[in-house]
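Reading the structure
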Amino acid sequence: MTPYDRVPDQRPVPAGTGLTLEDALPAPEMAEAGGVPARPRLTRTVAEMRSALRELVAGAADDDASDAEPVTVGLVPTMGALHGGHAALVRRARAENDVVAVSIFVNPLQFGDPADLEHYPRTLDADLDLLAAAGADVVFAPDVQQMYPGYPDAPIVTVSAGRMGEVLEGDSRPGHFDGVATVVAKLWNIARPAVPVLRSYFGQKDAQQLTVLRRLATDLDIDVDVRAVPIVRSPEGLALSSRNTRLDAAGLEHALVLSRALRGLADAAVAGEPVDVQAARRMVEDEPGVELDHLVVVDRDTFAELGPELLCQPLRRDALALVAAHVPPVRLIDNMVLPAAQD
Ligand code: AMP
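Analysis parameters
Residues numbered from 1 in each chain as written. Predicted model: local features only at pLDDT ≥ 70, side-chain atom pairs only at ≥ 80, totals over all residues. UniProt positions renumbered as here; feature names shortened; annotations may be inferred. Helix = DSSP H or I, 4+ residues; strand = E, 2+ residues; numbered from the N terminus. Contact = placed C-beta atoms within 7 Å. Near = placed C-beta within 6 Å. Nonpolar A, V, L, I, M, F, W, Y, C, P; charged D, E, K, R; others polar. Pairing = 2+ DSSP bridges. Axes fitted to C-alpha atoms, helices over the stretch in contact; angles between N-to-C directions. Left-handed = near helix turned anticlockwise from the far one by under 90°.

Before going further, it helps to examine the UniProt feature "active site" (unreviewed entry) in the protein chain. Within this structure's numbering, the places UniProt gives as "active site" (unreviewed entry) are His 86. Considering the arrangement of structural elements, one finds His 86 in helix 4 (residues 84-96).

UniProt marks Gln 110 and Gln 209 with the feature "binding site: (R)-pantoate" (unreviewed entry), using the numbering shown here. Across 100 residues in sequence, these annotated residues keep their C-alpha atoms within 11.4 Å of one another, forming a single compact spot. Note that Gln 209 resides in helix 10 (residues 207-219). Ignoring sequence-local partners within four residues, the contact set of Gln 209 consists of Phe 177, Val 180 and Phe 202.

Let us look at the site of the ligand. Inspection of the region around the ligand gives 17 residues, with Met 79, Gly 85, Phe 202, Gly 203 and Leu 240 positioned closest. Counting residues per element, the ones that place at least two in the shell around the ligand are helix 4 and strand 5 (197-203). The greatest single-element share of the shell around the ligand, amounting to four residues, is contributed by helix 4. Residues that form the shell around the ligand fall into these classes: nine nonpolar, six polar and two charged.

Moving on to the sheet that holds strand 7 (residues 291-299). With respect to topology, three strands assemble into an open sheet ordered 7-8-9, the strand pairing being antiparallel. Edge strands, defined here as strands with exactly one partner in the open sheet, are strand 7 and strand 9 (330-338). Adjacent strand axes in the sheet meet at a mean angle of 15°, parallel and antiparallel pairs treated alike. One ladder, built from nine bridges, connects strand 8 (residues 319-327) with strand 9; its direction is antiparallel. Within strand 9, the residue paired with Ala 324 across the bridge is Ile 333. Sitting on the sheet, helix 12 (residues 277-285) touches strand 7 and strand 8, and the angle it makes with strand 7 is about 155°.

Here we take up the packing of helix 4 against helix 6 (residues 124-134). Following both chains from N to C, one finds helix 4 and helix 6 inclined at 35°, their axes separated by 9 Å at the closest point. Here helix 4 runs over helix 6; the crossing is right-handed. Across from Ala 87, Val 90, Arg 91 and Arg 94 in helix 4, the residues of helix 6 making contact are Leu 130, Leu 131 and Ala 134. Split by residue class, the contact of helix 4 with helix 6 holds five nonpolar, no polar and two charged.

Given below as structure tokens:
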């Protein structure tokens, strides 16, 4: 076993595993033969979503009447413009649950920059094809008024992500994690009464978001099992993101520096060598067309930053290297686990 086997998101993704967009879509021969999987049921309101979930749960219970286990529902919250990263979440939910639900909602509360919200890609038709291939049963795609009646006036009650929402990404994007926590709490509360067991799937790509949402479930006693899925990358190493579609060829090339810098740190950690964050920062800063926001190494659980005194020696515990940078016109994030040195 290599140290990378303990951090599966850093292993290269083999072809044909369903982890790339191409893998998620039906093969052309299959489409021609009419073998395209059925699109998931599309719901637009809370009432429609709950009623579809109740029907699907009842159907799953009937299909497996001999099984005493409760029907499980896997919910995958997304903002649409789906790619192979989202497909990996949906496939994982499909493999682990009786019913798979996906939400598609570009949540205005988590955007600080109005231009980012306005230009965020919206591709519902293509999304439904991808979700058919990945095996979703039902999609919840509400409009803003359905989620926040009276918007743009702020919703009266929102969720605070607390201290974890104020550091790192939260420091760069004030209010972002409060918006994420608010929408995800709503999505869980929409689904929860209609299903016996609720699991919710999130990508390791948004590592701080994952930590905030685990705390959301625990701290507000929401009965949901939060499950994490490794980062899906392009063959060149770029973490797949809906925002990548707004990059031109040069931007896509420049953006590769992010995973290259993280990989250098991970390789050093695996070799038991000092982790040179300054050199990684310089690598990103020297890349044309890229403006570094932050590159830090943090404790994997607490997100407390590790200083030079801890990084100049072999790591005692798994850490996380996080990077955020502007590659105009978008801001990208990525992260990699730095495995603790083996004794
Ligand atoms: P978004 O649509 O960007 O809000 O993302 C929806 C979910 O997909 C989040 O849980 C993300 O962390 C996850 N996700 C986005 N990109 C990737 C990726 N490249 N690999 C794994 N998960 C991802």
